[in-house]
Amino acid sequence: MSSLVGFLSLVFAIGINFYLFLSRYIFKFQKQKFNLFIRFSSLLTLLSFFSLMYAYVVSDFSNYNVFQNSHSNKPLIYKISGTWGNHEGSMLLWLCILSIFSFFFSFTKNIEDNFQKLTLIIQAFLHILFGLFIVFTSNPFLVNSILVNEGLGLNPILQDPGLAVHPPILYAGYVGYSIVFSIAIAGLFQNTDDEWIYVAKKWSLISWTFLTGGIALGSYWAYYELGWGGWWFWDPVENISLMPWIAGLALVHSLMMVRGEQVIKKWIVFLSILCFSLSVFGTFLVRSGILTSVHSFAADASRGIFILLIFFIVTGFGFLVFLLKEPKKSNALNLLFINKVSALVINNILMIIATLTILLGTIYPIIIEVLYNKRISVGGPYFNSTVIPIMIPGFLLMSIAPILSWQTNKINNSKKYVLAFIILSVLVILQSYFLDFNTWGFVGLLLGFWIILASIIAIFSSYKFKINIKFFKIINPHVAHIGVGIAIIGITCSSVFQNELDFNLNEGDKFNVNGKTVLFEKIETTNETNFQSLRGKFLFDIEKNQSKEIEAGKNYYPVSKMITSEAGILHQWNKDIYFILGDQKNNEWFVKVLINPFVSFIWLGVIIMMYSGLIAVSRR
Amino acid sequence: MNRIFILTPLIVLLIICIFSLVYLLSGKDPNKPPSALLNKDVPIFESSSLYNAKDIIKTKDLKNKKILINFFASWCSPCKIEHPLFFEIRKKYPELYLLGFNHKDPTSDAKKYLKDDGNPYDFVGVDSDGLIALEFGVFGLPETYLINEDGKIIYKFMGPITMDILKNEIEPLL
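Considering helix α8 (residues 195-225) of chain A
Residues spaced three or four apart along an α-helix face the same direction, because each turn holds 3.6 residues.
Okay, so step 1: End to end, α8(A) covers 46 Å across 31 residues, agreeing with the expected 45 Å (1.5 Å per residue, within 8%).
Okay, so step 2: Of all 31 residues in α8(A), 24 are buried, a share of seventy percent or more.

Side note on the sheet that holds strand β1 (residues 499-505) of chain A
All names here are of chain A.
Okay, so step 1: Taken in spatial order, the four strands line up as β1-β9-β8-β7 in an open sheet, and their pairing is antiparallel. Pairing within the sheet leaves two strands with one partner each, and these edge strands are β1 and β7 (568-571). Neighbour-to-neighbour, the strand axes of the sheet open up by a mean angle of 20°, direction not taken into account.
Okay, so step 2: When β1 meets strand β9 (residues 588-597), the two strands line up antiparallel, connected through seven bridges. Of the residues in β9, the one forming a bridge with Phe503 is Val591.

Section: the nonpolar core
Okay, so step 1: By size, the foremost hydrophobic cluster in this structure holds 137 residues, and its most contacted members are A:Ile183 and A:Trp245.
Okay, so step 2: Residue contributions to this core peak at 15 residues, all from helix α10 (residues 265-287) of chain A.
Okay, so step 3: Residues B:Phe71, B:Cys79, B:Tyr97 and B:Val138 belong to the second largest nonpolar core, which totals 42 residues.

Details of the packing of helix α14 (residues 414-434) of chain A against helix α15 (residues 439-462) of chain A
All names here are of chain A.
Okay, so step 1: With their axes 10 Å apart at the nearest point, α14 and α15 run at an angle of 150° to one another. In terms of their interaxial angle, α14 and α15 are classed as roughly antiparallel. Between α14 and α15 the crossing geometry is right-handed. Of the residues in α15, those in contact with Lys416, Tyr417, Ala420, Phe421, Leu424, Ser425, Val428, Ile429, Gln431 and Ser432 of α14 are Phe442, Leu445, Leu446, Phe449, Trp450, Leu453, Ala454, Ile457, Ala458 and Ser461.
Okay, so step 2: Along the lines of polarity and charge, the residues of the contact of α14 with α15 split into 15 nonpolar, four polar and one charged.

Brief notes about the confidence of the model for chain A
Okay, so step 1: On average, chain A scores 84 in pLDDT, and the residues at 70 or more come to 91%.
Okay, so step 2: Within chain A, the lowest mean pLDDT, 76, falls on strand β6 (residues 562-566) of chain A, and the highest, 93, falls on helix α5 (residues 87-105) of chain A.

Observations regarding the packing of helix α7 (residues 161-190) of chain A against α8(A)
Residues and elements named next belong to chain A.
Okay, so step 1: Running from N to C, α7 and α8 point in directions that differ by 155°, and their axes come no closer than 7 Å. Regarding the angle of α7 to α8, the classification is roughly antiparallel. Classified by chirality, the crossing of α8 by α7 is left-handed.
Okay, so step 2: Looking at the contact of α7 with α8 residue by residue, the classes come out as 22 nonpolar, ten polar and no charged.

Describing the domain arrangement of chain A
Okay, so step 1: Entries for chain A in the domain assignment read domain 1 (1-157), domain 2 (160-328 + 342-400), domain 3 (401-496) and domain 4 (499-600).
Okay, so step 2: The straight-line distance from the C-alpha centre of domain 3 of chain A to that of domain 4 of chain A is 37 Å.

Section: the environment of A:Val199
All names here are of chain A.
Okay, so step 1: Structurally, Val199 is set in helix α8.
Okay, so step 2: For Val199, a relative accessible area of 6% corresponds to the buried category.
Okay, so step 3: C-alpha separation for the pair Val199 and Ile111, spaced 88 residues apart in sequence, amounts to 8.0 Å.
Okay, so step 4: If near-sequence neighbours (up to four positions away) are discounted, Val199 is found in contact with Phe105, Thr108, Ile111 and Ile183.

With respect to the sheet that holds strand β6 (residues 143-147) of chain B
Residue and element names in this part refer to chain B.
Okay, so step 1: If you walk across this open sheet you meet the five strands as β5-β4-β3-β6-β7, and the pairing is mixed. Looking at strand neighbours, the two that pair on one side only are β5 (123-127) and β7 (153-158), the edges of this open sheet. Adjacent strand axes in the sheet meet at a mean angle of 20°, parallel and antiparallel pairs treated alike.
Okay, so step 2: In the sheet, strand β3 (residues 67-72) pairs with strand β4 (residues 97-103) via six bridges, with the strands oriented parallel. The residue bridging Asn70 from the neighbouring strand is Gly100, located in β4.
Okay, so step 3: Contacting β3, β4 and β6, helix α2 (residues 77-92) crosses the sheet at an angle of about 160° to β3.

Some points on the pattern of salt bridges
Where charged atoms from two side chains of opposite charge approach closely, those side chains can pair.
Okay, so step 1: In the structure shown here, the tally under the stated rule is ten salt bridges over all chains.
Okay, so step 2: Between A:Arg303 and A:Glu88 there is a salt bridge; the shortest N-O distance is 2.8 Å. You can see A:Arg303 sitting in helix α11 (residues 301-324) and its partner A:Glu88 sitting in helix α5, a full 215 residues away along the chain. Side by side, A:Arg303 and A:Glu88 carry an identical accessibility label, which is buried.
Okay, so step 3: A salt bridge links B:Arg90 to B:Asp122; the nearest nitrogen and oxygen atoms lie 2.9 Å apart. With B:Arg90 in helix α2 and B:Asp122 in the loop between α3 (107-117) and β5, this pair connects stretches of sequence that are 32 residues apart.
Okay, so step 4: Residue B:Asp122 is classed as partly exposed on the basis of its relative accessible area, which comes to 33%.
Okay, so step 5: Within this structure, A:Lys522, A:Glu524, A:Lys537 and A:Glu551 form a network of salt bridges that share partners.

Conventions adopted
Residues numbered from 1 in each chain as written. Chains lettered and ligands numbered in written order. Predicted model: local features only at pLDDT ≥ 70, side-chain atom pairs only at ≥ 80, totals over all residues. Heavy atoms only, no water. Helix = DSSP H or I, 4+ residues; strand = E, 2+ residues; numbered from the N terminus. Expected span 1.5 Å × (residues − 1). Buried < 20%, exposed > 50% of the residue type's maximum accessible area, 1.4 Å probe, protein only. Pairing = 2+ DSSP bridges. Axes fitted to C-alpha atoms, helices over the stretch in contact; angles between N-to-C directions. Core = buried A, V, L, I, M, F, W, Y, C linked by side-chain atoms within 4.5 Å. Parallel < 35°, antiparallel > 145°, perpendicular 65-115°, else oblique. Left-handed = near helix turned anticlockwise from the far one by under 90°. Contact = heavy atoms within 4.5 Å. Nonpolar A, V, L, I, M, F, W, Y, C, P; charged D, E, K, R; others polar. pLDDT = per-residue confidence, 0-100. Domains from an automatic or database assignment. Salt bridge = Lys/Arg side-chain N within 4 Å of Asp/Glu carboxyl O.

The structure is reproduced here in structure tokens:
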């Protein structure tokens with residue numbers, strides 16, 4: 001029953017969007033009526049999504065999708081997250097978020113009526129494309145042809161609270177760019193005043209913030225669930241999310257330029273189209289199963305071709321409009337040797353090069369296999385040695401960019417910065433000299449600290465310190481950059497200065513980690529509702545009274561016959577001690593301990609970036 | 001000059017789409033990596049029969065006949081899907097030796113499965129610890145291998161075989 005409701009409302013919503021799309025040519029609507037229709041179709045899409053969720057919650061196995069991906073023994077939260085833990089459901093979530101964005105956009109004030117309408121018509125067009133994709137190739141409301149009273153279960157690796165919320169947040173980022181795309185295209189068609197740029201800025205900041213959160217959640221999940229001790233693997237799916245993120249960052253920065261005298265309209269439009277194209281391209285790569293990664297979904301050529309077609313239509317349409325309806329000539333740029341505009345231009349160029357480098361690395365295996373029928377894989381070494389060096393000049397620049405002047409060539413207080421940089425370099429050199437020297441470690445630490453220090457100097461020398469909202473809005477760009485600096489320090493330390501220790505242990509053995517004695521207390525197996533757990537219990541630092549307990553082990557999920565590893569992590573502010581329980585051999589357990597310094601800085605940096613993303617939304 | 005700059009994204013788009021399309025249409029699937037064992041000798045193994053622990057099959061028993069090896073388990077639902085096809089193969093190619101490996105399965109479950117759905121295999125070997133699957137490089141169940149008279153692996157398929165695959169890929173080799 002719920003499946004029928006879901007399917008009908010899905011189809012009905014697509015119908016309404018089709019009607020709205022035609023309204024540009026045939027039926028003319030009042031603005032009020034038009035917006036009502038948009039909102040109604042959004043509610044229908046939501047209804048469709050919630051009926052699928054309902055089917056999951058009550059374990060309605062007459063729905064084929066529920067049968068394939070759920071099990072009645074699962075805890076409620078994973079029944080809910082099971083809704084989007086599979087291909088069909090996650091595409092419905094995609095569509096649902098698309099229509100939520102349209103819904104909120106229909107309430108935007110202070111933009112021209114026709115402009116708003118055109119933007120929403122483009123949204124309706126996107127809704128139709130993805131809606132048809134769901135109905136024809138990925139229908140989550142199919143009826144199960146056999147009568148069963150139990151489902152096949154959700155992939156255990158997805159049964160995790162972090163991962164339950166990761167897809168919706170990530171999708172909010174991806175799909176949010178659809179609004180930016182529609183705004184940019186509408187802007188090309190209508191050539192109105194530059195008011196739309198402010199609107200676009202708000203939406204691109206929202207999308208970017210969500211995307212940041214989604215990526216961070218995903219890599220945090222990879223950090224503690226995959227049990228490899230790292231948090232970023234240059235997995236194709238990670239690359240796919242990183243591309244729109246970097247392009248989106250370039251977009252947000254370009255939109256800032258509007259605050260100055262010049263408007264680089266053409267460039268902004270280009271980036272807006274690019275961001276959404278990369279999002280759709282990412283969806284294509286993941287959903288077609290064309291690349292193997294930790295996100296393995298059932299591959300299906302017809303789905304792949306359909307979504308490739310959507311990608312081609314959307315991107316082709318976007319860039320074609322861009323080609324034919326080029327924005328009017330904007331003023332010439334005032335590119336002095338070093339002012340704010342030139343810094344932003346350099347930063348944009350670097351980010352686009354980085355995006356293209358990642359794009360090349362990601363699709364290279366496809367091209368090689370088509371041309372030479374050879375299977376290759378492009379991984380960490382390529383990306384680390386190309387993307388990071390490209391970004392370094394950008395990082396150097398970002399510490400001072402916010403305080404550069406819009407017009408002149410002058411940096412206020414330049415002596416202070418030079419002095420600070422010299423002192424900092426000496427300190428970092430000393431640090432590297434006394435501890436083990438590593439080029440990347442040196443560069444990373446210097447950059448990270450330099451960004452933080454320069455931003456702090458800029459805050460205190462350029463603005464009067466006050467505690468009120470206005471002050472926090474003014475210093476917001478600096479705060480964002482401090483977040484980046486902190487994240488860079490975390491990234492550098494955790495990757496360059498990681499320490500790995502291997503042990504073969506019996507229960508009751510004591511061993512030494514980082515000068516602290518650790519007791520391998522015992523192995524414990526328990527039966528949980530939907531899995532069996534095997535845990536090694538460790539007591540860290542037993543010489544002290546408040547020794548900390550760490551549990552590392554594995555879960556066995558009988559329904560899907562899968563084993564997942566569960567790392568035991570002791571979080572300290574300056575390091576994570578990461579325990580992985582390996583296999584048992586000759587009564588001895590293999591235990592791997594990783595010491596990851598300053599990992600918490602990465603998450604802290606990301607949280608700061610997201611905070612300033614949100615603050616920037618409220619700032620005009 | 002400016003025009004070229006604006007045209008670039010469209011050209012790049014076209015290139016990406018063409019390559020992706022060719023890739024998709026070529027029926028390549030990254031989930032089916034080419035087997036390193038193709039055209040190599042069958043790995044050395046030893047396995048006892050599901051029904052009689054004393055009945056043992058070894059690599060050298062496989063010489064001088066064509067053999068189809070299938071890894072299956074009672075808990076593997078795609079195996080259930082392909083199962084009836086083995087009866088077809090049995091009927092059509094009586095000389096072909098069908099060797100099933102029961103992968104990581106309790107004996108009772110495996111016996112029940114073959115009782116309920118029928119047993120098409122000439123020999124059902126037990127691979128309870130999955131070591132034989134490891135030797136063959138089994139990626140996921142079910143997996144099917146074709147061995148020629150010289151004891152070389154000439155074909156490998158991951159996932160349930162279908163009528164199409166049987167007709168177009170396996171039969172020409174028989």
